[in-house]
Amino acid sequence: EGEEEREEERKRREQQGKIKAEQDEEKKKKLEKGFREQNAARAVLLGLQKLSEASPENFEALKVDFEKVMEKELPEAGDQKEMLQAEAERVFGFAKHYVEQVKQQQQEAKEKERLHKERQAELEKQAAELLQHLVGLLAEAEAASARAEVL
């Protein structure tokens, strides 16, 4: 009977060891999953931060990089996926709108400069024509003065 009890005890300990190993493995998997989710969320947030610094010159490159990050990392973000997706859409929309505004302002400034140069050229042309007319009038006056002296 002592031998049977020892064997039962050994089997019981062996079973408990297996259960503990399975629990430890489950904990390890949960931790690894948590780390993957955190790293994915961090990568998405870093992409959002970069996108928030967009300009007309770098927007397309940032957009391509951000789309790659979202495609790779967002599915790994776990419970934060929906929140990150919503934030990504908000920040991307803001960045796109900002870049469009800056482009429009740049175009308006170029158009204003073009019109200014055009007007300046027009005024210079008018000034040159007036000067030419004045030179002609001066020549006529000098000629009339010379004729008057002769008389």
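All chains use their own residue numbering, which begins from 1 and follows the written sequence. A pLDDT threshold of at least 70 governs which residues receive local features in this predicted model, and a stricter bar of 80 or more applies before side-chain atom pairs are shown or counted, although totals over entire chains, interfaces and linings include all residues. Where side-chain values are given, they derive from all heavy atoms of the structure, hydrogens and water being excluded.

### Examining the overall build of the chain
Moving on, step 1. Strands here mean DSSP runs of E at least two residues long; helices mean DSSP runs of H or I at least four residues long; both are numbered from the N terminus. On a plain count of helices and strands, the chain comes out with 3 helices and 0 strands.
Moving on, step 2. Along the chain direction, N to C, the helices and strands of the chain fall in the order α-α-α.
Moving on, step 3. Two things to know: the radius of gyration comes from C-alpha atoms, and the globule rule equals 2.2 Å times the number of residues to the power 0.38. Here the C-alpha radius of gyration of the chain, 41 Å, is well above what a compact globule of 151 residues would show, namely 15 Å.
Moving on, step 4. Taking the principal axes of the C-alpha coordinates as reference, the chain spans close to 160 × 20 × 15 Å.
Moving on, step 5. When a residue's accessible area, from a 1.4 Å probe over protein chains only, is under 20% of the maximum for its type it is buried; when over 50% it is exposed; and in between it is partly exposed. Going through the 151 residues of the chain one by one, you find that 15% of them count as buried.
Moving on, step 6. Across the chain, contacts joining residues at least 24 apart in sequence account for 68% of those joining residues at least 6 apart.
Moving on, step 7. Residues counted as positive are Lys and Arg, residues counted as negative are Asp and Glu, and His and the chain ends are not counted. All charge positions are set by atom: Lys at NZ, Arg at CZ, Asp at CG, Glu at CD. Where the 29 positive side-chain charges of the chain centre and where its 37 negative ones centre are 3 Å apart. Contacts are assigned to residue pairs with any non-hydrogen atoms lying within 4.5 Å of each other.

### Digging into helix H3 (residues 81-150)
Moving on, step 1. Between its terminal C-alpha atoms H3 stretches 102 Å, which fits the 104 Å expected from 70 residues at 1.5 Å a residue.
Moving on, step 2. Buried within H3 are the following residues: Leu84, Ala88, Val91, Ala95, Val99 and Val102.
Moving on, step 3. Packed against the buried residues of H3 are helix H1 (2-51) and helix H2 (59-73). Helices are assigned an expected span. That span is 1.5 Å times one less than the residue count.

### Digging into the nonpolar core
Moving on, step 1. Residues belong to a common nonpolar core when they are buried Ala, Val, Leu, Ile, Met, Phe, Trp, Tyr or Cys residues joined through side-chain atoms within 4.5 Å. Of all hydrophobic cores here, the largest spans 17 residues; its most connected members are Leu48, Leu51, Ala54, Phe59, Phe66, Met70 and Leu84.
Moving on, step 2. Taken together, the elements giving at least two residues each to this core come down to H1, H2 and H3.
Moving on, step 3. Not counting residues within four places of it along the chain, the set of residues in contact with Phe66 comprises Val44, Gly47, Leu48, Leu51 and Ala88.

### With respect to the confidence of the model for the chain
In regions of low pLDDT, the predicted coordinates are not meant to be interpreted in detail.
Moving on, step 1. Here pLDDT means the predictor's own confidence in every residue, given as a number from 0 to 100. Per-chain confidence: the chain averages 93 in pLDDT, with 99% of residues scoring 70 or above.
Moving on, step 2. Mean pLDDT per element in the chain: H1 is the minimum at 92, and H3 is the maximum at 94.

### Re the pattern of salt bridges
Moving on, step 1. Note on definitions: salt bridges are taken to be side-chain nitrogens of Lys or Arg within 4 Å of carboxyl oxygens of Asp or Glu. In the structure shown here, the tally under the stated rule is 13 salt bridges.
Moving on, step 2. When the shortest N-O distance is used, the salt bridge between Glu87 and Arg90 registers 2.7 Å. Residue Glu87 and its partner Arg90 are both found in helix H3; the two are separated by 3 residues, about one turn of the helix.
Moving on, step 3. For Arg114, the salt bridge identified is with Glu118, shortest N-O distance 2.6 Å.

### Things to note about the side chain of Glu37
Moving on, step 1. One can find Glu37 in helix H1.
Moving on, step 2. If we skip the residues at most four places from it in the chain, Glu37 touches Glu76, Ala77, Gly78 and Asp79.

### Focus: the packing of aromatic side chains
Moving on, step 1. Think of it this way: a Phe, Tyr or Trp ring, Trp meaning its six-membered ring, pairs with another when their centres are within 6.5 Å, and the plane angle makes it stacked under 30 degrees, edge-to-face over 60, tilted otherwise. In the structure shown here, the tally under the stated rule is 1 aromatic pair.
Moving on, step 2. Between Phe59 and Phe92 the ring centres are 5.9 Å apart and the planes differ by 35°, which places this aromatic pair in the tilted class. On the criterion of sequence distance, the pair formed by Phe59 in helix H2 and Phe92 in helix H3 is long-range, its members being 33 residues apart.
Moving on, step 3. Taking relative accessible area as the criterion, Phe59 reaches 7% and is therefore assigned buried.
Moving on, step 4. Overall, Phe92 belongs to the partly exposed group, its relative accessible area being 22%.

### Quick word on H1
Residues spaced three or four apart along an α-helix point in a common direction, a consequence of the helix completing one turn every 3.6 residues.
Moving on, step 1. Under the 1.5 Å per step criterion, the end-to-end length of H1 is 73 Å for 50 residues, consistent within 8% with the ideal 74 Å.
Moving on, step 2. Glu37, Ala40, Ala41, Val44, Gly47, Leu48 and Leu51 are the residues of H1 that are buried.
Moving on, step 3. The elements touched by buried residues of H1 are H2 and H3.

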